[in-house]
Amino acid sequence: MTIQTTAWLLTIGGVCLIGVVFAVTALRNQKSPDAGTLVNRSYRIRTWAFWIIVVVVTPVMLYTLTLLPYGATAHDDGNVQIVEVTGRMWQWDIEPG
């Protein structure tokens, strides 16, 4: 499974989870809470979400940055393939040179 597939599945799972939480919360809500309770609850959720992002998203982002080829050294072992590349609006044409 590629990183893009993993990211796609995690995104879909997260969106579904948020949708389920929203639906359950909307269905269970019978009366409006007072403003003080609502503010305290929202700050508690905000703090929880922040730490989830720090603990989960930051290591994933740092790991995916290590997979980028920037700064990779070229290995000239005499087996070099020259290609001719043409960039178009929605595609690349790559042909042997």
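The structure this text deals with has already been given above.
What counts and what doesn't
- Residues numbered from 1 in each chain as written.
- Predicted model: local features only at pLDDT ≥ 70, side-chain atom pairs only at ≥ 80, totals over all residues.
- Heavy atoms only, no water.
- Pairing = 2+ DSSP bridges.
- Helix = DSSP H or I, 4+ residues; strand = E, 2+ residues; numbered from the N terminus.
- Expected span 1.5 Å × (residues − 1).
- Bend = angle between axes of the 7 residues up to and from the residue.
- Phe/Tyr/Trp six-rings, centres within 6.5 Å; stacked < 30°, edge-to-face > 60°.
- Salt bridge = Lys/Arg side-chain N within 4 Å of Asp/Glu carboxyl O.
- Buried < 20%, exposed > 50% of the residue type's maximum accessible area, 1.4 Å probe, protein only.
- 1 Å grid on protein atoms, 1.4 Å probe; cavity = no way out; pocket = protein on both sides within 12 Å on 5 of 7 lines; lining within 4 Å.
- Points joined across faces, edges and corners; volume = space filled by probe spheres on them.
- Nonpolar A, V, L, I, M, F, W, Y, C, P; charged D, E, K, R; others polar.

Undergrad: Got a sec to walk through the pairing of strand β1 (residues 83–87)? Specific residues and values, please.
TA: Note: β1 against strand β2 (residues 92–96), 5 bridges, orientation antiparallel. Its bridge partner being in β2, V85 is matched across the sheet by I94. Here β1 folds back onto β2 in antiparallel fashion, the turn holding 4 residues.

Undergrad: Residues and numbers for helix α2 (residues 35–66), please.
TA: Spanning 32 residues, α2 covers 45 Å between terminal C-alpha atoms, matching the ideal 46 Å at 1.5 Å per step. The axis of α2 is deflected most strongly, by about 30°, at V57, and proline P59 appears within four residues downstream.

Undergrad: Provide a residue-level description of the packing of aromatic side chains, including the pertinent values.
TA: Counted by the stated rule, this structure contains 1 aromatic pair. Residues F50 and W51 carry aromatic rings whose centres are separated by 5.1 Å and whose planes lie at 75° to one another, so their mutual orientation is edge-to-face.

Undergrad: Tell me about the pattern of salt bridges, and please be specific about residues and values.
TA: Scanning the model with the defined rule gives 1 salt bridge in all. Note that D93 and R88 form a salt bridge whose closest N and O atoms lie 2.5 Å from each other. The exposure class assigned to D93 is partly exposed, which follows from its relative accessible area of 22%.

Undergrad: Explain the environment of T2 to me, using residue names and the numbers behind them.
TA: Tracing the backbone shows T2 in the segment before α1 (3–28). Along the chain, T2 and R41 lie 39 residues apart, while their C-alpha atoms are 38 Å from each other.

Undergrad: Before we move on, could you go through the layout of surface pockets and cite the residues and values that matter?
TA: In this structure, the largest pocket occupies an estimated 990 Å³ of space. Considering the residues around the largest pocket, the lining is formed by 27 residues, among which I18, V21, F22, I45 and W48 are closest to the centre. Every element with two or more residues in the lining of the largest pocket is listed here: α1 and α2. Its residues placed into classes, the lining of the largest pocket shows 18 nonpolar, 6 polar and 3 charged.

Undergrad: Requested: an account of the environment of W8, with residues and values cited.
TA: Residue position: W8 is located in helix α1. Overall, W8 belongs to the exposed group, its relative accessible area being 56%. Separated by 16 residues in the primary sequence, W8 and V24 place their C-alpha atoms 24 Å from one another.

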